[in-house]
Amino acid sequence: MPKKNRATAAQRARQRQAATGEKYTTALRAETRAAAQRPAVVHAMFSAEGAGWAPIIQRAERALDEVWPGHPAPHWEEKFGDLCWKGAPWSQGPEVWAVVNQATREAASTCQTCPSPGRKRVVVVGLDWGGMPWVKTCCDACYSVPPSHVWHPFLRKEYQQLVEWYENRG
Ligand SMILES: [Zn+2]
């Protein structure tokens, strides 16, 4: 679905045009081709998996070993773009929460899918996860605008509301 990347390709084409002095249409053709060749990222609801967050999780687990030897294996989860430990025991001391909060903070500015800087963006999760709007922490390359023709008016409204809450806030 190469059209998914159209907005991003246009932005990249302008950057490329500025950098190379090529004509805009030439730059856009090249960038559209590049976008079509990039494998589309399928976002999974609640999943914290991905090459961007994996090192953050590993660091957090090493730090947990220090402050809480024998701790239960954390169940890491993504929730509206945030990394969290689902069902973390509340009885633990502040040093444990400091580790978890540090990981959440790092994840908030790191693309979950690749190790580029990222921010909260509204995406559409894969059909296995309902194909609905969801928030993920993404870089430009792992983000894509949903194809507008698939939108039911209800989903479009939900999408726009999430954009308002997560992308356009402060
Ligand atoms: Zn990325």
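Not measured: the values here are computed from a predicted model.

Each helix and strand in the protein chain was counted, giving 5 helices and 4 strands. Looking at the protein chain residue by residue over its 170 residues, the buried ones come to 37%. Taking the contacts inside the protein chain whose residues are at least 6 apart along the sequence as the reference set, 57% of them involve residues at least 24 apart. When the accessible surface of the protein chain is split by element, carbon and sulfur atoms take 55% of a total near 10,100 Å².

Turning our eyes to something else, we now look at the environment of Lys 157. Within the secondary structure, Lys 157 sits in helix α5 (residues 153-167). Note on Lys 157: relative accessible area 57%, which makes it exposed. For the pair formed by Lys 157 and Pro 133, sequence separation is 24 residues and the distance between their alpha carbons is 9.9 Å.

In this section: the confidence of the model for the protein chain. Per-residue pLDDT for the protein chain has a mean of 86; in total, 88% of the residues score no lower than 70. Across residues 1-5 the pLDDT falls below 50, and counting only partners more than four positions away or on other chains, this stretch makes 9 contacts in the model.

Before going further, it helps to examine α5. The end-to-end C-alpha separation of α5 is 20 Å, in line with the 21 Å expected for 15 residues at 1.5 Å each. Of all the residues in α5, the buried ones are Tyr 159, Leu 162 and Val 163. Buried residues of α5, seen end-on, are gathered within an arc of 105 degrees and therefore sit on one face of the element. In α5, the exposed residues that point more than 90 degrees away from the buried face are Pro 153, Phe 154 and Lys 157.

On to the pattern of salt bridges. Under the defined criterion, the tally for this structure stands at 5 salt bridges. The closest approach of N and O atoms between Lys 136 and Glu 78, which form a salt bridge, is 3.0 Å. In this pair, Lys 136 is assigned in strand β4 (residues 133-138) and Glu 78 in strand β1 (residues 75-79), connecting sequence segments 58 residues apart. You'll find Lys 136 and Glu 78 in the same group, each marked buried. One salt bridge in this structure joins Arg 121 and Asp 140, with 2.7 Å as the shortest N-O distance. Placement of Arg 121 in strand β3 (residues 119-124) and of Asp 140 in the loop between β4 and α5 is noted, with a sequence separation of 19 residues between them. The exposure class of Arg 121 is buried, given its relative accessible area of 8%.

Calculation rules
- Residues numbered from 1 in each chain as written.
- Predicted model: local features only at pLDDT ≥ 70, side-chain atom pairs only at ≥ 80, totals over all residues.
- Heavy atoms only, no water.
- Helix = DSSP H or I, 4+ residues; strand = E, 2+ residues; numbered from the N terminus.
- Buried < 20%, exposed > 50% of the residue type's maximum accessible area, 1.4 Å probe, protein only.
- Contact = heavy atoms within 4.5 Å.
- Areas by Shrake-Rupley, 256 points an atom, 1.4 Å probe, with all protein chains shown as cover.
- pLDDT = per-residue confidence, 0-100.
- Expected span 1.5 Å × (residues − 1).
- Arc of directions from axis to C-beta.
- Salt bridge = Lys/Arg side-chain N within 4 Å of Asp/Glu carboxyl O.

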